[in-house]
Amino acid sequence: MTTLTPILTRNWDQADSFTRAGYEREGGYQALRTALGMAPDDIVQAVKDSGLRGRGGAGFPTGMKWGFLPPSSPNPRYLVVNADESEPGTCKDIPLMMANPHVLVEGIIISSYAIRSNHAFIYVRGEVLHVIRRLQQAVAEAYEAGYLGKDILGSGYDLDVVVHSGAGAYICGEETALLDSLEGFRGQPRLKPPFPAVAGLYGGPTVINNVESISSVPSIVQNGADWFASMGTEKSQGFGIFSLSGHVTRPGQYEAPLGITLRELLDMAGGVREGHRLKFWTPGGSSTPIFTDEHLDVPLDFESVGAAGSMLGTRALQIFDETTCVVRAVLRWSEFYAHESCGKCTPCREGTYWYKQMLKRLEAGQGEEKDLETLLDLSDNILGRSFCALGDGATSPVVSSIKLFRDEYLQHFEQGGCPFDPAKSTLWGGAK
């Protein structure tokens, strides 16, 4: 069995893990001192050599993204941390910021130094007020200790960090919509090119990275690129936080090397809840095609999950047992995407609306078999035709569920209603 690698989660069991004192007791901010003694380009190269890929879902190489910044520009450079976590099932960044905000702050300082930026922003979801306050406290403590502000630790390097709260829009998890929101506009995706690396925040060269991506940088600097690359698989290197939720005995955050399987993670988590069996699951949140128990041994890395027909995404492993109606689950996800569509482009705006309308009828047993072909045709007209990935993500559960559970859709027509009792899929209704 693959063992856990508690690095970002190492001190979560400490009562003061979120304070600067608690973080420094575990070696916090030592990597910053090391980084300030290095040339910025050497840090960028170390991140490239480590194989760190974006932990926000897309999996783009982090060091390569940093390298896209133009060498000369009249505008300031910016680092923006995407902390707008809000996809159903995705729940790793918020507990990370709650339990260990200083690892993010240290990662921001090192990353900003590496890309020669003097201004950084943390764009955090507005609803999570407790996280916003904790981040503000961590940033204030970093200023008090001289880790932020002017002449950091006598290095001559200056950096200011702003914690910015959004207004609660899932679309702002898309990097260009996030930038529009940060600038005070309505959050809607921009047409690319130009890409943020060339013309991002306030028209300046901008790097946008996920919370977990930036939080992984201090350990790379402190332990070396080879140490990080020694974990995971050949093309998906390093460790990551796997979030298990749903019908699992011990839901929670499991930090492990990429390439671990769901079977191994379930063994660590006590398996599917007692008396039940696995029916379907998401490898990367609700925007990824669903898997079944046939995929228990698929290595959870970017390449293997992709080859099996889904996406690793944010490693949000939602576990559903046999009491769950797949049509009902897909309807709930589709209602989310219809609600959160920004409305800028027609395929996503209209397509997600009709997803919701059709799935409501199907779940109530009022549809017919040809509606499934209409759903698939609708999906073809959304996929690849929207401004951002929200539309694409909305198609994933619909298309994959029809492919894997077509018979279950048909049962709704044949019986004139849903054959499942919704109460049995609840915590209290499904207990043995």
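Remember, it's a predicted structure, so these values are computed and weren't measured experimentally.

Sheet strands pair via backbone hydrogen bonds, and the direction of the pair is either parallel or antiparallel. A sheet is described by the order of its strands in space; here 5 strands give the open sequence 6-5-9-7-8, paired in mixed fashion. With partners counted over all chains shown, the strands left at the sheet margins are strand 6 (252–257) and strand 8 (291–292), one partner each. One ladder, built from 2 bridges, connects strand 7 (residues 278–282) with strand 8; its direction is antiparallel. Bridging from a neighbouring strand, Trp281 pairs with Phe291 of strand 8. Those strands touched by helix 14 (residues 326–340) are strand 7 and strand 9 (316–321), and its axis lies near 20° from that of strand 7.

Our focus in this paragraph is the environment of Ile110. Mapping Ile110 onto the fold places it in helix 6 (residues 101–114). When its relative accessible area of 0% is taken as the criterion, Ile110 is described as buried. The sequence separation of Ile110 and Pro218 amounts to 108 residues, and the corresponding C-alpha distance is 7.2 Å. Here Ile110 is in contact with Ala31, Leu32, Ala35, Ile43, Val217, Pro218 and Val221, once residues within four sequence places are set aside.

Helix length check: helix 15 (residues 346–363), at 18 residues, gives a terminal C-alpha distance of 25 Å against a target of 26 Å (1.5 Å per residue), a fit within 8%. Among the residues of helix 15, those classed as buried are Cys348, Gly351, Thr352, Tyr355, Met358, Leu359, Leu362 and Glu363. Seen along its axis, helix 15 keeps its buried residues to an arc of 135°; they face one direction. A positive phi of about 80° marks Gly365, the residue just after helix 15.

So, on to the pairing of strand 5 (residues 239–246). Counting buried residues in strand 5 gives 6 out of 8 residues, a clear majority hidden from the surface. Of the strand pairs in this sheet, strand 5 and strand 6 are connected by 6 bridges, and their pairing is antiparallel. Bridge assignment links Phe242 to a residue of strand 6, and that residue is Tyr254. Bridge count between strand 5 and strand 9: 4 bridges; the pairing is parallel. Within strand 9, the residue paired with Ser245 across the bridge is Gln318.

Take the pairing of strand 1 (residues 78–83) next. A large share of strand 1 lies buried, amounting to 6 of its 6 residues. Relative to strand 2 (residues 119–124), strand 1 is paired through 6 bridges, and the arrangement is parallel. By the bridge assignment, Asn82 is partnered in strand 2 with Tyr123.

In this section: the packing of aromatic side chains. This model, assessed by the stated rule, comprises 17 aromatic pairs. For the pair Tyr170 and Tyr337, a centre-to-centre distance of 5.9 Å together with 65° between the ring planes defines the contact as edge-to-face. Here Tyr170, found in the loop between strand 3 (160–165) and helix 8 (175–182), pairs with Tyr337, found in helix 14; they are 167 residues apart in sequence, far enough to count as distant. One exposure class covers both Tyr170 and Tyr337, and it is buried. Geometry around Phe18 places Arg134 over its ring, the cationic atom sitting 3.7 Å from the centre.

Another point: the pattern of salt bridges. Enumeration over the complete set of coordinates arrives at 25 salt bridges. The residue Asp321 makes a salt bridge to Arg273 at a minimum N-O spacing of 2.5 Å. Pair noted here: Asp321 is in strand 9 and Arg273 is in the loop between helix 12 (262–268) and strand 7, with a separation of 48 residues, a long-range link. In this pair, the class of Asp321 matches that of Arg273, namely buried. The residue Arg406 makes a salt bridge to Glu369 at a minimum N-O spacing of 3.8 Å. In this pair, Arg406 sits in helix 18 (residues 406–415) while Glu369 sits in the loop between helix 15 and helix 16 (370–382), placing the two residues 37 residues apart along the sequence. According to the relative accessible area criterion, Glu369 is partly exposed, its value standing at 42%. Via salt bridges that share partners, Lys65, Glu174, Glu175 and Lys192 belong to a single interconnected network.

Two elements in contact, helix 15 and helix 17 (residues 389–404), have axes separated by 10 Å at closest approach and are oriented at 25°. Taken as axis vectors, helix 15 and helix 17 run roughly parallel relative to one another. Note on packing geometry: the crossing formed by helix 15 with helix 17 is left-handed. Residues Cys348, Thr352, Tyr355 and Leu359 of helix 15 pack against Leu390, Gly391, Ala394, Thr395 and Val398 of helix 17. Per-class residue counts for the contact of helix 15 with helix 17 are 6 nonpolar, 3 polar and no charged.

It is worth spelling out the side chain of Ser379 at this point. With respect to the helices and strands, Ser379 occurs in helix 16. Overall, the relative accessible area of 2% leaves Ser379 in the buried class.

Let us look at the sheet that holds strand 4 (residues 206–210). Read across the sheet, 4 strands follow the order 3-2-1-4 without closing on themselves; strand pairing throughout is parallel. The open sheet has two edge strands with one neighbour each: strand 3 and strand 4. Adjacent strand axes in the sheet meet at a mean angle of 20°, parallel and antiparallel pairs treated alike. Examined bridge by bridge, strand 1 and strand 4 share 5 bridges and lie parallel to one another. The partner of Asn82 across the bridge, within strand 4, is Asn210. Those strands touched by helix 6 are strand 1, strand 2 and strand 3, and its axis lies near 150° from that of strand 1.

Bringing the layout of surface pockets into the picture now. By volume, the largest pocket amounts to about 1,400 Å³. Of all the secondary-structure elements, those providing two or more residues to the lining of the largest pocket are helix 4 (62–67), strand 4, helix 13 (302–307) and helix 17. Sort the elements by how many residues they give to the lining of the largest pocket and strand 4 lands first, with 5 residues. Grouping the amino acids of the lining of the largest pocket by side-chain chemistry returns 18 nonpolar, 21 polar and 11 charged. The calculated volume of the second largest pocket comes to roughly 270 Å³.

Analysis parameters
Residues numbered from 1 in each chain as written. Predicted model: local features only at pLDDT ≥ 70, side-chain atom pairs only at ≥ 80, totals over all residues. Heavy atoms only, no water. Pairing = 2+ DSSP bridges. Helix = DSSP H or I, 4+ residues; strand = E, 2+ residues; numbered from the N terminus. Contact = heavy atoms within 4.5 Å. Axes fitted to C-alpha atoms, helices over the stretch in contact; angles between N-to-C directions. Buried < 20%, exposed > 50% of the residue type's maximum accessible area, 1.4 Å probe, protein only. Expected span 1.5 Å × (residues − 1). Arc of directions from axis to C-beta. Phe/Tyr/Trp six-rings, centres within 6.5 Å; stacked < 30°, edge-to-face > 60°. Lys NZ or Arg CZ within 6 Å of the ring centre and 35° of its normal. Salt bridge = Lys/Arg side-chain N within 4 Å of Asp/Glu carboxyl O. Parallel < 35°, antiparallel > 145°, perpendicular 65-115°, else oblique. Left-handed = near helix turned anticlockwise from the far one by under 90°. Nonpolar A, V, L, I, M, F, W, Y, C, P; charged D, E, K, R; others polar. 1 Å grid on protein atoms, 1.4 Å probe; cavity = no way out; pocket = protein on both sides within 12 Å on 5 of 7 lines; lining within 4 Å. Points joined across faces, edges and corners; volume = space filled by probe spheres on them.

Purely spatial values, then, with no claim about function.
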